[in-house]
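Here are the chains, one letter per residue:
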Amino acid sequence: MSIKILGIESSCDETAASVSLDGRTILSDVVASQAEEHKKFGGVVPEIASRRHAENIYSTVQSALAKADCTLSDIDGIAVTYAPGLIGALLVGTSFAKGLAMAANIPLVPVHHIAGHISSNYIAHPDLEPPYLCLVASGGHSLIVEVKDYTSFHIIGRTRDDAAGEAFDKCARVLGFPYPGGVHVDKAAQTGDPCKYKLPMPRVTGGEFDFSFSGLKTAVINLAHNAEQKGEELDKASLAASFQKTAAEMLVSRTIAAAKLYGAKKIAVAGGVAANSEVRRLMEHECGKRGIKVYLPPISLCGDNGSMIACQGYYDFLAGKRADESLNAIATLSLE
Ligand code: KG4
Ligand code: ZN
């Protein structure tokens with residue numbers, strides 16, 4: 001018998017819903033993004049995010065069901081992101097999912113947002129199965145995860161300060177690009193010289209697989225401000241390329257080191273920063289040299305979406321994870 005899961009995501013600034021069939025087949029994927037509105041403020045305004053989720057969630061879920069040619073009676077489980085994320089934003093999704101699940105008497109499945117990002121690769125790669133290592137790099141998280149099973153994770157490395165996406169966004173702001181800036185840094189870097197500006201590759205003591213981005217971010221800010229004070233013209237494309245190269249080296253080198261220790265033969269990359277062209281290129285290059293197989297999600301599944309929640313929701317559903325009306329949203333929660 002096939003299993004259909006409705007996935008609902010509202011942890012940041014995307015209201016998203018999707019229906020999955022047996023986990024990896026996506027029947028619909030609907031995203032209502034608020035990025036344009038938050039752009040004016042240079043970042044996500046939590047209060048506005050919650051309000052837009054409240055306005056958009058009903059139509060987003062309706063549309064995901066309609067596009068999948070489903071009604072609630074066809075749905076076996078309602079999966080919802082309950083942690084981590086902006087608390088007000090998460091509360092909209094969890095409250096909506098609870099109401100729907102209770103009213104229609106459908107099992108409710110709580111999904112961890114990062115497990116959702118990890119699942120994005122299952123949709124694109126039918127052959128990918130645990131165990132493997134996954135580099136998760138997004139606006140809020142940077143982790144190296146040992147994916148032991150579909151629902152069992154061990155964190156090997158993490159950021160000591162900023163998340164990778166956060167560093168990309170701050171670098172973008174200094175260079176005058178709008179929020180979210182990662183994609184603009186990536187675009188600008190295409191025409192720049194990545195060796196023009198020497199940027200520090202921060203060392204992290206006591207954590208071979210941990211990341212640090214704040215020193216790199218500060219170096220970019222200082223370089224830009226110094227140029228401004230001296231009236232020198234800044235080569236934005238080259239600064240973007242230099243930053244991107246250093247950030248990608250940090251992410252990829254730590255993941256490769258972890259793969260060596262863990263004897264991993266498969267590495268996946270997930271999260272918004274998995275869309276970065278240099279991260280993708282360097283990971284493929286370094287893994288290619290070592291005979292490690294790389295799994296990259298399509299760009300459309302790198303950022304927040306409902307499909308990754310509907311896919312992970314399927315595996316959580318199979319593992320028997322359930323929530324009742326007492327389910328609460330949690331802003332900070334480890335994946336382990
Ligand atoms: O996974 P995501 O949509 O949201 C979180 O869960 O945080 O990640 C968003 C982050 C933003 O910081 C955005 O600038 C970054 O992913 N991003 C990129 C690229 N596309 C999105 N960073 C670097 N290069 C890109 N091409
Ligand atoms: Zn995310």
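Here the residue numbers are simple positions, counted from 1 along each chain's written sequence. Just so you know, chain letters begin at A and ligand numbers begin at 1, following the order they were written in. Only residues with pLDDT of 70 or above have their local features reported here, since the model is predicted, and side-chain atom pairs are shown and tallied only from 80 upward, although totals for entire chains, interfaces and linings are computed over all residues. Computation of side-chain values: all heavy atoms of the structure, hydrogens and water removed.

I'd love a proper account of the domain arrangement of the chain, names of residues and values included.
Looking at the chain, the domain boundaries give domain 1 (4–118 + 302–318) and domain 2 (129–300). Look at where the C-alpha atoms of domain 1 and domain 2 centre, and you get two points 27 Å apart. Of the residues lining the interface, 18 residues belong to domain 1; the matching set on domain 2 comes to 25 residues. Buried area: the sum, over both parts, of the accessible surface (1.4 Å probe) that disappears when the two are put together. Buried area between domain 1 and domain 2, summed over both chains or domains, comes out near 1,600 Å², and the portion from carbon and sulfur atoms is 69%. In terms of surface lost to domain 2, no three residues of domain 1 exceed Ile-114, Ile-118 and Cys-302, which account for 42% of the buried area on that side. The rule for a salt bridge is simple: a side-chain nitrogen of Lys or Arg has to be within 4 Å of a carboxyl oxygen of Asp or Glu. On the surface where domain 1 and domain 2 come into contact, there are zero salt bridges. Only α1 (35–39), α4 (113–124) and α10 (306–318) provide two or more residues apiece to the side of domain 1 that touches domain 2. The greatest single-element share of the side of domain 1 that touches domain 2, amounting to four residues, is contributed by α4. Counted by class, the side of domain 1 that touches domain 2 contains eight nonpolar, six polar and four charged residues. The source of the domain bounds is an automatic or database domain assignment. When checking whether two residues touch, look at their non-hydrogen atoms; a contact exists if any pair is within 4.5 Å. Secondary structure elements are taken from DSSP: a helix is a run of H or I of four residues or more, a strand is a run of E of two residues or more, and numbering for both begins at the N terminus. The classification used treats Ala, Val, Leu, Ile, Met, Phe, Trp, Tyr, Cys and Pro as nonpolar, Asp, Glu, Lys and Arg as charged, and all other residues, Gly among them, as polar.

Tell me about the packing of aromatic side chains, residues and numbers included.
Each aromatic pair joins two rings of Phe, Tyr and Trp (for Trp, the six-membered one) with centres within 6.5 Å, and gets the label stacked for planes under 30 degrees apart, edge-to-face for over 60, and tilted for any other angle. One pass over the structure, following the stated rule, counts seven aromatic pairs. Aromatic side chains Tyr-122 and Tyr-132 sit 6.2 Å apart centroid to centroid with 85° between the ring planes, which places their arrangement in the edge-to-face category. With a gap of 10 residues between them, Tyr-122 in helix α4 and Tyr-132 in strand β6 (residues 132–137) connect regions that are remote in the sequence. On the basis of relative accessible area, Tyr-122 is assigned to the buried category, the value being 1%. Pairing Tyr-314 with Tyr-315 gives two aromatic rings, centres 5.0 Å apart and planes at 75°, and the pair type is edge-to-face. Each member of the pair Tyr-314 and Tyr-315 is classed as buried. In textbook terms, an aromatic cluster arises when at least three aromatic residues are bridged by ring pairs, as seen for Tyr-122, Tyr-132, Tyr-150, Tyr-314 and Tyr-315. The ring of Phe-177 carries the charged tip of Lys-236 above its face, separated from the ring centre by 5.8 Å. Put simply, a charge is over a ring when the Lys NZ or the Arg CZ is close to the ring centre, within 6 Å, and near the line of the ring normal, within 35 degrees. Sitting above the plane of the Phe-317 ring, Arg-322 keeps its charged end 4.3 Å from the centroid. Per-residue accessibility, obtained with a 1.4 Å probe over protein chains only, is compared with the maximum for each type, and a residue is labelled buried under 20%, exposed over 50%, and partly exposed between these values.

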